[in-house]
Amino acid sequence: RIGPELLSDPAKLREELKPAAAILREGGVVAFPTETVYGLGADARSTAAVEAVFAAKGRPSDNPLIVHIANRGGLDGLVKAVSPAAQRLMDAFWPGPLTIVLPVQPGALSPRVTAGLDTVGIRMPDHPVALALIAESGCPVAAPSANRSGRPSPTLAGHVMEDLAGTIGGIVDGGATGVGVESTVVQVAEDGSVIVLRPGGVTLEQLSQAAGAPVRLDPALLPDAGSDHIEAPRAPGMKYTHYAPKGVLRIVTGPSAAGVSDWISRSLREAAARGERTGVLAFEEHIGRYQADCIESLGSLSDLSAAAHRLYAALRRMDEEGIGFILSEACPEEGLGAAIMNRLRKAAGQRVVRLG
Ligand code: TXA
Ligand code: MG
């Protein structure tokens, strides 16, 4: 447990993290906080350590892991080249919630990290505990989110405990994470444009400002890319159902907020009358309109950072409360809204109710 007093004292923090860093160095697996979600870390050069991460998560082996570094020097030897556009993105957003997919230097990392691809996703997290742990370990740290595969990502150490207690070497508890949704994953295309493989903590708008090049979303991720689209997402992880609560979640959208609220209220009443336990995810502006067994606020529509921060914990709460019937409001897909709606749609298995 890292108390807040340690966060402002780098020397003491590193001292405190020595045991966790030693576990990483010796090929063990440790969960740690980042500014986005908790990660499950291992030495990215050790195939045995990386395999232990896949095993603990129950993660499909074709889904590559992100490698975390503590400083620019950490990139040395890991990648073949950094294009000028990639360099600009690092300058603008590192440390921060941006993962950049780069050509991997053959032999630098366990091939299990990249799942056989010739690229690797790299990021420098903006969290004092993550940075100190990585620096102290001296390893490039491969870390997916520290949840069982398919569960909502952990934003508290307790979430990691729920999913992984007993299967990993330890958890560094640094309190609640900040952003609450994962990093944005990007790749620079041959023509210099930036392709967003996974929307996340850095918004498309922020990327466009910094990149000095066109920024576009991987077409496979567009909201209306139905099951019949032919292109597989470029980030292998984006094809899996994910973040899903145990109950059935539906997203409700429509041209009028009042119409959406009426439909949700009625559906919750009908489900309750059938004897189901009901839950609703709603924005502060409308939350007073609903009655359900579990009501989770996503904060105000005027500041979507609260929704990002709360989303995964809210989904987990539905499970804790044994909710079988869950409805969620939607938000505009601007700014952080793109990442929030991407995760909500995945959690809902793409079940979206569109009112006329
Ligand atoms: O915020 C985050 O990124 C968190 C924290 C712990 O850093 N990590 C995280 O890792 O979300 P994970 O493994 O749950 O998600 C990694 C995503 C997956 O969708 C994966 O397919 C994609 O990044 N990815 C990783 N390497 C890639 C590569 N070389 N090419 C394309 N996609 C890649
Ligand atoms: Mg994940």
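Residues numbered from 1 in each chain as written. Chains lettered and ligands numbered in written order. Predicted model: local features only at pLDDT ≥ 70, side-chain atom pairs only at ≥ 80, totals over all residues.

1. Section: the site of ligand 1
Taken together, 30 residues surround ligand 1, and among them Thr 36, Gly 39, Gly 121, Pro 144 and Gly 237 come closest. If you list the elements that add at least two residues to the shell around ligand 1, you get β4 (98-103), β5 (119-123) and β9 (194-198). Among the elements that take part in the shell around ligand 1, β5 stands out by supplying three residues, more than any other. Here the residues of the shell around ligand 1 are counted per class, giving 16 nonpolar, eleven polar and three charged. (Near = placed C-beta within 6 Å. Helix = DSSP H or I, 4+ residues; strand = E, 2+ residues; numbered from the N terminus. Nonpolar A, V, L, I, M, F, W, Y, C, P; charged D, E, K, R; others polar.)

2. Regarding the UniProt feature "binding site: L-threonine" (unreviewed entry) in the chain
Per the UniProt annotation, the sites labelled "binding site: L-threonine" (unreviewed entry) are Thr 36, His 68, Arg 123, Ala 143 and Ser 183. These annotated residues cover 148 residues of sequence, and their C-alpha atoms all fall within 12.7 Å of one another, placing them together at a single site. Here His 68 is to be found in strand β3 (residues 66-68). Look past the residues within four positions of Ala 143 in its chain and what remains in contact with it is Gly 39, Leu 40, Gly 41, Leu 65, Ile 66 and His 68. (UniProt positions renumbered as here; feature names shortened; annotations may be inferred. Contact = placed C-beta atoms within 7 Å.)

3. Brief notes about the domain arrangement of the chain
When its domains are assigned, the chain resolves into domain 1 (4-233) and domain 2 (241-354). Taking the mean C-alpha position of each, domain 1 and domain 2 sit 27 Å from one another. Considering only residue class, the side of domain 1 that touches domain 2 consists of seven nonpolar, seven polar and one charged. (Domains from an automatic or database assignment.)

4. Observations concerning the sheet that holds strand β15 (residues 352-354)
Read from one edge of the open sheet, five strands run β13-β12-β14-β11-β15, paired in parallel fashion. Edge positions in the open sheet fall to β13 (294-297) and β15, since each of these has one partner strand only. The mean angle between the axes of side-by-side strands here comes to 20°, regardless of whether they run parallel or antiparallel. Both strand β11 (residues 248-253) and β15 contribute to a ladder of three bridges, which runs parallel. When the bridges of β15 are listed, Ile 251 appears paired with Val 352. (Pairing = 2+ DSSP bridges. Axes fitted to C-alpha atoms, helices over the stretch in contact; angles between N-to-C directions.)

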